[in-house]
Each structure stands twice: as structure tokens, then as C-alpha cells.
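Below, each chain spelled out in residue letters.
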Amino acid sequence: MMYLDINDWQLTFRQPHQPARTFTGAAAQTPNGLIFDDDALARSRSHPQQFNNRYLSTIAADPVAGDLGLAKNHADLIYRHLLQLDLPTSEALVLAVSGQISNAQLGLLLGICAEAQLTVKGFIDLALGQSLNVAADTGYHVLDVEQHRISLAEIQVRDGIRAQTRTTAIDGVGTASIIEGWMNVIADEFVQKTRFDPLHSGQTEQHLFDQVYPWLTQSQMQDHVVSISNGESSREVEITAARLLEKLTQRLAGVELGHVEHLVLTPRAASIPALKSQLEQRVQQCSIVQETDILGNYEQLAASLSDTQVKRISQAVNLGTRRATKPAAGGLDADTT
């Protein structure tokens, strides 16, 4: 069995005995055709009319803006990106999806996967699957990060069942917003110190983006020296970790956590430097999902999927405070798509 997280920042593929692989939901049209992932990001600012990173968040047949070659809508881009992943077609695929994705969108995904010769066995709730190892005799919330939004899923534990009951999508607060904020801070510093605006042209903006993007997954917030070349001249400024942290704090202000007591971060969310330290100041308890647990958790949930009917699994038996070790029989309250 194979498992694929539908997340446009880290489209994550897992299978037994193999390390997890991640891809970015980004596409760009080049003279040689469509390219995806980080190769596409390398053209996101220099060729914005030939770039798209929305298709995995919309999961729709919306027409693309600009020129994406043969891909005329978002569904086309999803299909072509799946082909690019070159997943084995001989094994069944389980998709881990966020709670805000509708059954209609799942139906579209089914059709796209079928067109790509991928057999989808069913869907499992991403927040539930990633947090099965969380010690829980009461409810908690799972926070995951995408490019254009943060999702906050409520997991209730009641009558021996652990279930995802509601997911709130917080639009405009994702990795794209964080990167944009950091780039604006740096541009302000360049203007003040050198009277040069690196956002003035696509080429220098791309150069800035290429330097800032890797900061998203550094182990900690730190000072950086940013250098921008323009023609024969080169300018550089130093950006302190404090400035970057201040901007990150501003971006996270829109995440309402007043009703949250125990917050669980996915590995994606926890990989962003200082995000955990910022959020744990606003809740009573904050914990992190371990990547090493996720595949086993997904396998437990997938055990209740059927070969005859595609289901969406959103709850599982809760076997005490230490661990939920098997899915509810038949996938209780699983939606059929």
C-alpha cells in the first residue's frame, strides 16, 4: 500500500521500507514544457505569468491564470503532477486529506488518479492519521501548514472513539505568506541601507526568493546575510533573527487558538523555525507528531478500507490514553465518495 498526503507545500509520499519523499505543489511552463516542484519555484518570481501553485489547494477544474502550456485548468495540473511523481501503478494508493476538502473534491481526485492509472483504495483524515500516537483521553487540535493556509482540525475523544469532527481553514496564513513577509522585511532593509529595492524586477526578486525559501525548514531562526546582484553591482544586508521572528509572529496572529488547550503540530508545521515556540505560548500544551509514527498510523486506518467501496475514514477506536492502535471496525462514520 502507498500513501500520499495531499498538501501543496509538502505533497508527501510514503510506502513501507522507504524514506518519505516530499514535493512542492508548484508548476511552471518553460520553453521545454511543464516542470514541477522546486524547479518550478525557481521560476516563480521571474516568470509569474507562467507559474501556478494553487491547484492542489483548490482541487477544482478552475482555469489557470496565465500560460501553463497544455494544462488549461487546475485539474490538468494535478494530473500532470501526479504523472511526474512516477508512482508505482501496481499498488493501491491511499490519500491522506485535510478535513476541509469536500467529498466533491475527493470525487474529482478519484477521477484524476484513475486517469493517471493510479488505483485509490480510499481516503483517510490526515489530522487523525498523523495524531493517532498522541496520548489522549480528551480532545485536542491538530495544526498543519500548506502554502496558502493553515488547517486546524478538532479531534474529539468520546465513548472510546477518536474522531476528527471539524476542520477550520485559515486562509492567507501559510508558507507563501511567511516567505512574502520575510522578503518584504529584507526589501525594506535594502531600500533603507542601499536605496535598492530587490522587488523592483523579477530577476532580483527571484534571487531573493531563492535565498529565503530554504529558511522555512531550518532548525532554528537565525541571522542571515542576503546578497543581491544586479548587473555588475552586488549589494548585501544583514537581517537579524529578531526581525524575522517579529514578522512570523505577525503572520501567526490570525490563527485563533483561544478555544485550544492541547495543540498538536504535524512534522510539516514543526519544521518551520520558531513556529512551535510562538504557538505554545498561546496554549496549555503543545506537542509534535513524529514522522516515524505516521506510516504505521496510516496503515492502521487503511486496514478498515474496503476493496468494494471507496470510503473516507475520519475516526478510529481510542484504546486508552497511550495510543489508539486500530481503526474502528468498518471505518465508523466514514463518508462514502
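Before any of the text, the structure's been laid out above.
1. Focus on empty space enclosed by the protein
Then, number 1: Under the defined criterion, the tally for this structure stands at three cavities of 30 Å³ or more.
Then, number 2: What lines the largest cavity is simply Val-97, Ser-98, Gly-99, Asp-125, Leu-126, Ala-127, Val-142, Asp-144, Glu-146, Ser-151, Ala-153 and Thr-167.
Then, number 3: Those elements giving two or more residues to the lining of the largest cavity turn out to be helix 5 (126-130), strand 9 (140-145) and strand 10 (149-158).
Then, number 4: By residue class, the composition of the lining of the largest cavity is five nonpolar, four polar and three charged.
Then, number 5: Computed from the structure, the second largest cavity encloses a volume of approximately 50 Å³.
Then, number 6: Lining the second largest cavity, in full, are Ile-6, Leu-11, Leu-56, Ile-78, His-81, Leu-82, Leu-109 and Cys-113.
Then, number 7: Going through the elements one at a time, helix 3 (74-85) and helix 4 (103-115) are the ones with two or more residues in the lining of the second largest cavity.
Then, number 8: Per element, the largest residue contribution to the lining of the second largest cavity is three residues, and it comes from helix 3.

2. Considering the environment of Leu-126
Then, number 1: Along the polypeptide, Leu-126 turns up in helix 5.
Then, number 2: Residue classification places Leu-126 among the buried positions, given a relative accessible area of 4%.
Then, number 3: Each C-alpha atom, one on Leu-126 and one on Glu-246, is 30 Å from the other, the two residues being 120 residues apart in sequence.
Then, number 4: Leave out the neighbours within four places in its chain, and Leu-126 touches Asp-5, Ala-96, Val-97, Ser-98, Asp-144, Arg-268 and Tyr-298.

3. Some remarks on the packing of aromatic side chains
Then, number 1: Within the structure shown, the criterion is met by four aromatic pairs.
Then, number 2: Judged by centre distance (5.9 Å) and plane angle (45 degrees), the rings of Tyr-3 and Tyr-298 are tilted. You can see Tyr-3 sitting in strand 1 (residues 2-5) and its partner Tyr-298 sitting in helix 11 (residues 291-302), a full 295 residues away along the chain.
Then, number 3: Summarising the aromatic geometry, the rings of Trp-182 and Trp-215 are spaced 6.2 Å apart at their centres and angled 50 degrees between planes, so their arrangement reads as tilted. Placement of Trp-182 in helix 6 (residues 175-194) and of Trp-215 in the loop between helix 7 (202-212) and strand 12 (224-230) is noted, with a sequence separation of 33 residues between them. Pair check on accessibility: Trp-182 and Trp-215 agree, each one buried.

4. Considering the side chain of Asp-5
Then, number 1: Mapped onto the secondary structure, Asp-5 falls in strand 1.
Then, number 2: You can call Asp-5 buried: its relative accessible area is 0%.
Then, number 3: Of note is the side chain of Asp-5, whose polar atom sits 3.2 Å from the side chain of Arg-268.
Then, number 4: Among the polar contacts made by the side chain of Asp-5, one reaches the side chain of Tyr-298 at a distance of 2.8 Å.

Rules used in this analysis
- Residues numbered from 1 in each chain as written.
- Predicted model: local features only at pLDDT ≥ 70, side-chain atom pairs only at ≥ 80, totals over all residues.
- Heavy atoms only, no water.
- 1 Å grid on protein atoms, 1.4 Å probe; cavity = no way out; pocket = protein on both sides within 12 Å on 5 of 7 lines; lining within 4 Å.
- Points joined across faces, edges and corners; volume = space filled by probe spheres on them.
- Helix = DSSP H or I, 4+ residues; strand = E, 2+ residues; numbered from the N terminus.
- Nonpolar A, V, L, I, M, F, W, Y, C, P; charged D, E, K, R; others polar.
- Buried < 20%, exposed > 50% of the residue type's maximum accessible area, 1.4 Å probe, protein only.
- Contact = heavy atoms within 4.5 Å.
- Phe/Tyr/Trp six-rings, centres within 6.5 Å; stacked < 30°, edge-to-face > 60°.
- Polar contact = N/O pair within 3.5 Å; in protein donor to acceptor, adjacent residues only side chain to side chain.

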